[in-house]
Amino acid sequence: MTSPPFRVGIVGCGAISRNHIEAFRVIPEAQIVAVCDVDATRALETADRWGIDGAYGSVDELLAAGVDIVSVCTPHPTHEAVVLAAAAAKVHVLCEKPIAIELESAERMIAACDEAGVKFGVLFQRRFWPAAQRLRRAIDDGTLGRPILGHASVILHRDPAYYSAWRGTWATDGGGVLMSQAIHHIDLLQWFMGEAVEVHGHVATFRHRIEVEDTAAAVVKFASGAMAAISATTAATPNLGETIRITGETGATAELTEFPEGSDGRITLWARGTEIGTEPVHPAGLKPNIDLSTINGQLIPHHASQIRDFVDALREDRAPAITGRDATAALRILLAVYESSRTGRPVRLAASAVPAS
Ligand SMILES: NC(=O)c1ccc[n+]([C@@H]2O[C@H](COP(=O)([O-])OP(=O)(O)OC[C@H]3O[C@@H](n4cnc5c(N)ncnc54)[C@H](O)[C@@H]3O)[C@@H](O)[C@H]2O)c1
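Quick caveat, the model's predicted, so the values are computed rather than measured. (Residues numbered from 1 in each chain as written. Predicted model: local features only at pLDDT ≥ 70, side-chain atom pairs only at ≥ 80, totals over all residues. Heavy atoms only, no water.)

1. Digging into the site of the ligand
Residues in contact with the ligand amount to 24 residues; listed here are only the nearest, D37, R42, H76, K97 and W166. I16 is positioned with one of its backbone polar atoms (N or O) 2.9 Å from an oxygen atom of the ligand. Note that a nitrogen atom of the ligand is positioned 3.4 Å from one of the backbone N or O atoms of V38. Taken by itself the ligand offers 850 Å² of open surface, and the protein chains cover 86% of this. Structurally, the shell around the ligand is a two-domain feature, drawing no fewer than three residues from each of domain 1 (6–124 + 312–320) and domain 2 (126–290 + 331–343). (Near = heavy atom within 4 Å. Polar contact = N/O pair within 3.5 Å; in protein donor to acceptor, adjacent residues only side chain to side chain. Areas by Shrake-Rupley, 256 points an atom, 1.4 Å probe, with all protein chains shown as cover. Domains from an automatic or database assignment.)

Take a look at the structure:
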């Protein structure tokens, strides 16, 4: 087991690396010692900007510099190679979502980290919203009880310019609104509702000039017998944010809303018996279509909570709050939506080849 202070390396110096850097910088037991990017100039600029000593052009050079943790902030299909390299070097890994774009890839990553005896966490920082934790507690303490019906609605705006570089093709992005945005809300839905067993859905590309989907709708059945509907798009103007609604076996319903996109989820409806508490889902006076760097900036406190948990997991030698296995559940659901859309049939979800933790 490594012990603090943990030497941290950031792999990939694009938009989301700032969230990881800001989160690690305020953790006393961690020190960012290196960054790397295939664009070596970007690595140098990032190291300069944040006062980090090491700047490298590849993950192998970064690992050779000696780190205890790597944060993986690179495009989706590149996650596997970085995680496997870190595991081979016996370095703990915190990887951005989606864990991978294929289940077999996720399973190889989990197996490599298990064999190497390193911790493997995947970012789904929305689970750390206080309102999400409150909703989860209401399920566990019987206020909502076992969920019977759920809905995740992800109605977002993206400018055409968003779909540049690696975003927008099957090979380099792995999917569209489901893989990049709604995966967070699918993760929350399955965290609240349990194991999914069947998925029927459709995807289409209506407004953006991309290969991958900009719009999706699906129905998910859970092992408990509960069911949920998912609707998602990046083709909306203006951006209306995201909402998750859960009805429990007690008859109570809670709704969790993220508006504007990137803000803390708020409980906007709490209905139980004759009591109905509501808050406007879309309060007046908010600016629509805020830019991506503002959205990412607003996510920092929740990245910080999950990264704090990851460092605590190392100190306490326990599993991080969201492991590679946990993160695979949302990927399994959205890949089943793609398959169902292709075949026109419901997809039964096979149990993972990797045993549950
Ligand atoms: N958790 C969240 O809410 C959230 C938000 C935004 C992005 N993300 C995720 O973060 C990851 C990165 O997204 P982004 O928006 O920062 O992308 P980006 O394009 O802004 O940055 C990616 C960076 O990785 C570099 N890179 C590519 N391949 C590399 C490799 N093999 N080794 C080292 N560097 C490499 C690129 O040069 C680029 O600088 C994605 O998985 C994305 O889904 C998560």
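2. A look at the domain arrangement of the protein
The domain architecture assigned to the protein consists of domain 1 (6–124 + 312–320) and domain 2 (126–290 + 331–343). Averaged C-alpha coordinates put domain 1 and domain 2 at centres separated by 27 Å. Taken together, the contact between domain 1 and domain 2 spans 13 residues of the former and 18 residues of the latter. Interface of domain 1 and domain 2: buried area, both sides summed, is about 1200 Å²; carbon and sulfur atoms make up 69% of it. Where domain 1 meets domain 2, there are one salt bridge. In this structure, the connection of domain 1 to domain 2 is made through four residue pairs in polar contact (both at pLDDT 80 or more). Partitioning the side of domain 1 that touches domain 2 into residue classes produces nine nonpolar, one polar and three charged. (Contact = heavy atoms within 4.5 Å. Buried area = accessible area lost by both parts, 1.4 Å probe. Salt bridge = Lys/Arg side-chain N within 4 Å of Asp/Glu carboxyl O. Nonpolar A, V, L, I, M, F, W, Y, C, P; charged D, E, K, R; others polar.)

3. A look at the nonpolar core
Counting 82 residues, the largest nonpolar core has V70, F120 and F192 as the members making the most contacts within it. At 11 residues, the largest contribution of residues to this core is made by helix α7 (residues 177–193). Two domains share this core, each providing at least three of its residues, namely domain 1 (6–124 + 312–320) and domain 2 (126–290 + 331–343). Ignoring sequence-local partners within four residues, the contact set of F192 consists of A132, L135, R136, I139, P147, I244, I246 and L256. (Core = buried A, V, L, I, M, F, W, Y, C linked by side-chain atoms within 4.5 Å. Buried < 20%, exposed > 50% of the residue type's maximum accessible area, 1.4 Å probe, protein only. Helix = DSSP H or I, 4+ residues; strand = E, 2+ residues; numbered from the N terminus.)

4. Description of the sheet that holds strand β11 (residues 241–248)
Spatially, β14-β13-β12-β11-β7-β10-β9-β8-β15 is the arrangement adopted by the nine strands of the open sheet, whose pairing is mixed. Every other strand in the sheet has two partners, leaving β14 (275–278) and β15 (347–348) as the edge strands with one partner each. With seven bridges joining them, strand β7 (residues 147–155) and strand β10 (residues 227–233) adopt parallel strand pairing. The residue of β10 that forms the bridge with A152 is I230. Lying on the sheet, α7 is in contact with β7, β8 (196–204), β9 (215–222), β10, β11 and β12 (253–258); it crosses β7 at an angle near 160°. Across the face of the sheet, helix α10 (residues 324–343) comes into contact with β8, β9, β10 and β15 while running at roughly 55° to β8. (Pairing = 2+ DSSP bridges. Axes fitted to C-alpha atoms, helices over the stretch in contact; angles between N-to-C directions.)

5. A word on a nonpolar patch on the surface
Together, I148, L149 and M227 make up an exposed nonpolar region whose accessible area comes to about 270 Å². Tracing the sequence through the fold places L149 in strand β7. (Patch = residues over 30% accessible without salt bridge, like charges linked within 9 Å, V, L, I, M, F, W, Y side chains within 5 Å.)

6. A closer look at helix α4 (residues 79–88)
The buried fraction of α4 is high, at seven of 10 residues. Among the residues making up α4, those that are buried are H79, E80, V82, V83, A85, A86 and A87. Contact partners of the buried residues in α4: β1 (6–11), α3 (59–64), β4 (69–72), β5 (92–95), α5 (103–116) and β6 (120–122). Where α4 ends, the next residue or the one after it, K90, has phi of about 60°, a positive value.

7. Topic: the pairing of strand β13 (residues 266–272)
β13 sits mainly inside the fold: five of its seven residues count as buried. Relative to β13, β12 is paired through five bridges, and the arrangement is antiparallel. Among the inter-strand pairings, E255 is bridged to a residue of β13, identified as L269. Between β13 and β14, which pair antiparallel and follow one another directly, the connecting turn spans two residues, one of which, G273, has a positive phi of 60°.

8. Details of the packing of helix α6 (residues 130–140) against α7
Two numbers describe a pair of packed helices, the interaxial angle and the distance between the axes. Closest axis-to-axis distance for the α6/α7 pair is 9 Å, and the angle between their directions is 25°. With respect to each other, α6 and α7 are oriented roughly parallel. As α6 runs across α7, the sense of the crossing is right-handed. Between α6, through A132, Q133, L135, R136 and I139, and α7, the contact on the second element is made entirely by L188, W191 and F192. Across the contact of α6 with α7, the residue classes tally to six nonpolar, one polar and one charged. (Parallel < 35°, antiparallel > 145°, perpendicular 65-115°, else oblique. Left-handed = near helix turned anticlockwise from the far one by under 90°.)

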